Amino acid sequence: SESLALLSIAVFPIFYVLLSLHAGKIIDKYKYTNVVIVSALLMSCFALLRFYAINFWALMVMQCAIAICQPYLINGISKFVADWFSKKHVALITSILSINMFLGMAIGAAVTPIAVIQLGFEETMLLMGVLSMISTVLFILFANSNTDRNSINANHVSFFDYINLAKQQKIRPLLWSDFLLFGQVN
């Protein structure tokens, strides 16, 4: 059904909300390059395993595993920017990386139906898994952290910190606009 098919996509924002705070703590604790490498390897492996999914529920398990890895990849962006760029350029570089991420998602969404028609569903899953693994290998080969720059110390963060932040009058418009705009768009 459409609802069931939607669930295979809905797992991404669900796990992102559930795991983002944890991802931030883990990234601070273990260096973003290490966390991104482990997450990307796991995500690429599960993307490759989608090719072997024998039914919808097996595919759903793979989608959930990929969705679990995603916050650990995406939340590394801010740490990367803080590690490599001056405060003067943080917003610009974060914007460029965010554009790149959403551009990649848009291209993937546009190419997938064409690939499914041309190659077939299973072959498209295999192609996407292979491309994911190639990207992961390239990251492993070329990514490194900036040891010259002092990173922010890891602090204990909980969901209550989010609630307290949301109570601050100055940040409410941003939180509400993000909540409504991303909710409506997605």
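Note: the structure precedes this text.
Residues numbered from 1 in each chain as written. Predicted model: local features only at pLDDT ≥ 70, side-chain atom pairs only at ≥ 80, totals over all residues. Heavy atoms only, no water.

Q: Is there a simple way to think about the packing of helix H5 (residues 90-119) against helix H6 (residues 121-142) in this case?
A: For the pair H5 and H6, interaxial distance at closest approach is 7 Å and the crossing angle is 125 degrees. Between H5 and H6, the angle is such that the two are oblique. H6 is crossed by H5, and the crossing has right-handed handedness. Contacts between H5 and H6 involve Thr112, Ala115, Val116 and Leu119 from the former and Phe121, Glu123, Thr124, Leu127 and Met128 from the latter. Tallied by class, the residues present in the contact of H5 with H6 amount to 6 nonpolar, 2 polar and 1 charged. (Axes fitted to C-alpha atoms, helices over the stretch in contact; angles between N-to-C directions. Helix = DSSP H or I, 4+ residues; strand = E, 2+ residues; numbered from the N terminus. Parallel < 35°, antiparallel > 145°, perpendicular 65-115°, else oblique. Left-handed = near helix turned anticlockwise from the far one by under 90°. Contact = heavy atoms within 4.5 Å. Nonpolar A, V, L, I, M, F, W, Y, C, P; charged D, E, K, R; others polar.)

Q: Please explain a nonpolar patch on the surface as it appears in this structure.
A: Residues Leu119, Leu126, Leu127, Val130, Leu131, Ile134, Val137, Leu138, Leu141 and Phe142 make up a contiguous nonpolar surface patch of roughly 890 Å² in combined accessible area. With 9 residues, the top contributor of residues to the nonpolar patch is H6. Locating Val130 in the fold gives a position in helix H6. (Patch = residues over 30% accessible without salt bridge, like charges linked within 9 Å, V, L, I, M, F, W, Y side chains within 5 Å. Areas by Shrake-Rupley, 256 points an atom, 1.4 Å probe, with all protein chains shown as cover. Salt bridge = Lys/Arg side-chain N within 4 Å of Asp/Glu carboxyl O.)

Q: I'm lost on the packing of helix H4 (residues 76-84) against H5 in this one. Help?
A: Relative orientation and spacing of two packed helices are given, respectively, by the angle between their axes and the distance between those axes. Look at H4 against H5: their axes get within 10 Å of each other, and the N-to-C directions meet at 145 degrees. Viewed along their axes, H4 and H5 form a crossing whose handedness is right-handed. Contact with H4, carried on its side by Ile77, Phe80 and Val81, involves Val90, Ile93, Thr94, Leu97 and Met101 of H5 and no other residues of that element. The residue inventory of the contact of H4 with H5, partitioned by class, reads 7 nonpolar, 1 polar and no charged.

Q: Which parts of the structure should I look at to understand unusual backbone geometry?
A: The phi angle of most residues is negative, glycine excepted, and most peptide bonds adopt the trans form. Its identity is not glycine, yet Lys31 carries a phi of approximately 70 degrees, on the positive side. Classification of Lys31 by relative accessible area gives partly exposed; the value is 43%. (Buried < 20%, exposed > 50% of the residue type's maximum accessible area, 1.4 Å probe, protein only.)

Q: Explanation requested: the packing of aromatic side chains in the structure shown.
A: Counted under the stated rule, the structure contains 4 aromatic pairs. Judged by centre distance (6.0 Å) and plane angle (65 degrees), the ring pair of Phe80 and Phe85 falls under edge-to-face. Residue classification places Phe85 among the partly exposed residues on the basis of a relative accessible area of 27%. Aromatic ring contacts, followed pair by pair, group Tyr32, Phe80 and Phe85 into a single cluster. (Phe/Tyr/Trp six-rings, centres within 6.5 Å; stacked < 30°, edge-to-face > 60°.)

Q: Can you walk me through the nonpolar core in this structure?
A: Side chains that are nonpolar tend, in soluble globular proteins, to be buried together. Among the nonpolar cores identified, the biggest contains 19 residues, and Val11 and Phe15 are the most heavily contacted of them. When residues of this core are traced back to their parent elements, those giving at least two are helix H1 (2-30), helix H2 (32-49) and helix H3 (56-74). Top element by residues in this core is H3. It accounts for 7 residues. (Core = buried A, V, L, I, M, F, W, Y, C linked by side-chain atoms within 4.5 Å.)

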